[in-house]
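Here are the chains, one letter per residue:
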Amino acid sequence: EADIYQTPRYLVIGTGKKITLECSQTMGHDKMYWYQQDPGMELHLIHYSYGVNSTEKGDLSSESTVSRIRTEHFPLTLESARPSHTSQYLCASRAGGPHNEQFFGPGTRLTVL
Amino acid sequence: AQSVTQPDIHITVSEGASLELRCNYSYGATPYLFWYVQSPGQGLQLLLKYFSGDTLVQGIKGFEAEFKRSQSSFNLRKPSVHWSDAAEYFCAVGEGSARQLTFGSGTQLTVLP
């Protein structure tokens, strides 16, 4: 079954820790995206990728970094977590072609104490 | 830069009543428009999308939306709401070669029994 996975679903961590949020998709999609969503608010694009070895910054400035070494995998890393990073992070992927929609993972809710 | 406005932060309807959620966009060219639904603690699920052609588009779960270029609107409708429709609804417009999404701030729907 084709799907998009995010782990962990929930993470509570202390300030200064390094964290990696995992995102994987089994659909063979070229395009992948990371969005940040504060509670009750809209989603903001923070990173996206056209394909392997391609990463771009989104509209919302973020201290996180991403990598795309494999088509199916698009992890997001915070080198030193801060309380301001507390948010929900949603990963999405999309097949090539102009008319295809993005498919979203279930999200990771991050709390930094 | 494009933008999406959802003027209604919260809407309450009775089960069985009709529903219309408003969405206005700002975009120079022909927009790629989407409606997504998000249940608590979940990712986003696509309800419907518009690229071109017939301005009335049908989606899943009995939803439809009408694109009106003259009003820069893409309102979502459902003739009879079910309790399971209670969720957050997001309108979005896609742009760029990677079709990055710009989201509205969302409309929270409450359904009364």
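Computed from a prediction, not measured in an experiment: that's the story for all the values here. All chains use their own residue numbering, which begins from 1 and follows the written sequence. To read the labels, note that chains go from A and ligands from 1, taken in the order they are written. Per-residue local features of the predicted model are confined to residues with pLDDT of at least 70, and side-chain atom pairs are confined, for both listing and counting, to 80 or more; whole-chain, interface and lining totals are unaffected and use all residues. In computing side-chain properties, one takes all heavy atoms of the structure into account and sets aside hydrogens as well as water.

K.L.:
Where do I start with the nonpolar core in this structure?
P.N.:
Side chains that are nonpolar tend, in soluble globular proteins, to be buried together. Residue and element names in this part refer to chain B. Nonpolar cores are built from buried Ala, Val, Leu, Ile, Met, Phe, Trp, Tyr and Cys residues. Side-chain atoms within 4.5 Å join them into one set. Partly exposed describes any residue whose relative accessible area lies between the buried limit of under 20% and the exposed limit of over 50%, with all areas from a 1.4 Å probe on protein chains only and scaled to the type maximum. Judged by nonpolar contacts, the single largest core of 26 residues is most densely connected at Leu19, Trp35, Leu47, Leu48, Phe74, Leu76 and Tyr89. The helix and strand labels rest on DSSP assignments: H or I over at least four residues marks a helix, E over at least two residues marks a strand, and numbering proceeds from the N terminus. Every element with two or more residues in this core is listed here: strand 2 (10-14), strand 3 (19-21), strand 5 (32-38), strand 6 (44-50), strand 8 (64-68), strand 9 (73-78), strand 10 (87-95) and strand 12 (107-112). Per element, the largest residue contribution to this core is four residues, and it comes from strand 10. Contacts: residue pairs with any heavy atoms within 4.5 Å of one another. Those residues in contact with Leu19, other than ones at most four positions away along the chain, are Ile11, Val13, Phe63, Leu76, Arg77, Lys78, Val81 and Leu109.

K.L.:
Honestly, the packing of aromatic side chains in this entry has me stumped. Any pointers?
P.N.:
Two numbers describe a pair of aromatic rings. These are the distance of the centres and the angle of the planes. The aromatic pairing rule takes the rings of Phe, Tyr and Trp, using the six-membered ring of Trp, and pairs them if the centres are within 6.5 Å, calling planes under 30 degrees apart stacked, those over 60 edge-to-face and the rest tilted. On inspection of all chains with the given rule, the structure shows 15 aromatic pairs over all chains. Residues Phe63(B) and Tyr89(B) carry aromatic rings whose centres are separated by 5.7 Å and whose planes lie at 50° to one another, so their mutual orientation is tilted. One end of the pair, Phe63(B), is in the loop between strand 7 (56-58) and strand 8; the other, Tyr89(B), is in strand 10, with 26 residues separating them in the sequence. Note on geometry: a ring has a charge over it if NZ (lysine) or CZ (arginine) is within 6 Å of the ring centre and within 35 degrees of the ring normal. Directly above the ring of Phe74(A) sits Arg68(A), whose terminal nitrogen or CZ lies 5.9 Å from the centroid.

K.L.:
I'm lost on the environment of Leu48(B) in this one. Help?
P.N.:
Residues and elements named next belong to chain B. Mapped onto the elements, Leu48 comes out in strand 6. Assessed through its relative accessible area of 3%, Leu48 is described here as buried. Placed 49 residues apart in sequence, Leu48 and Ser97 show a C-alpha to C-alpha distance of 21 Å.

K.L.:
Before we go on, may I ask you to explain the interface of chain B and chain A in this structure?
P.N.:
A common way to state how big an interface is: give the accessible area lost once the parts meet. Contacts between the two partners involve 21 residues from chain B and, on the opposite side, 24 residues from chain A. The term buried area denotes the loss of accessible surface (1.4 Å probe radius) that occurs when two parts are joined, taken as the sum for both partners. The junction of chain B with chain A conceals about 1800 Å² of combined surface from both sides, 52% of it contributed by carbon and sulfur atoms. In what follows, salt bridge is the name for a side-chain nitrogen of Lys or Arg lying within 4 Å of a carboxyl oxygen of Asp or Glu. If you look at where chain B meets chain A, you find one salt bridge. Where Glu101(A) meets Lys49(B), a salt bridge forms, and the shortest distance between an N and an O atom there is 2.6 Å. Under the rule applied, a polar contact is a pair of N or O atoms within 3.5 Å (in protein, one hydrogen donor and one hydrogen acceptor; residues adjacent in sequence only if both atoms are side-chain atoms). At the surface where chain B touches chain A, the tally comes to six residue pairs in polar contact (both at pLDDT 80 or more). Of all the secondary-structure elements, those providing two or more residues to the side of chain B that touches chain A are strand 5, strand 6 and strand 11 (100-103) of chain B.

K.L.:
Just to check I follow, could you spell out the pairing of strand 11 of chain B for this structure?
P.N.:
A regular strand places its side chains on the two faces of the sheet in alternate fashion. All names here are of chain B. Here strand 11 shows no split at all, with Gln100 and Thr102 on one side and Leu101 and Phe103 on the other all buried. Pairing of strand 10 with strand 11 involves four bridges; the strand directions are antiparallel. Residue pairing in the sheet places Gly94 in a bridge with Leu101 of strand 11. The criterion for strand pairing is that DSSP finds at least two bridges linking the strands in question.

K.L.:
Quick question: what am I supposed to make of the sheet that holds strand 8 (residues 76-78) of chain A here?
P.N.:
All names here are of chain A. What the four strands build is an open sheet, ordered 1-3-8-7; its pairing is antiparallel. Of all the strands in the sheet, just strand 1 (4-7) and strand 7 (65-66) have a single pairing partner and so form its edges. Alignment of strand 7 against strand 8, held across two bridges, turns out to be antiparallel. The residue bridging Val66 from the neighbouring strand is Leu76, located in strand 8.

K.L.:
How do you make sense of the environment of Asp38(A) when you look at a structure like this?
P.N.:
All names here are of chain A. On the secondary structure map, Asp38 appears in the loop between strand 4 (31-37) and strand 5 (43-49). Judged by relative accessible area, which is 36%, Asp38 ranks as partly exposed. Between the alpha carbons of Asp38 and Lys18 there is a distance of 21 Å; along the sequence they are 20 residues apart. Setting aside residues no more than four positions away along its own chain, Asp38 makes contact with Thr86 and Ser87. Among the polar contacts listed, one links the side chain of Asp38 to the side chain of Ser87, at a separation of 2.8 Å.

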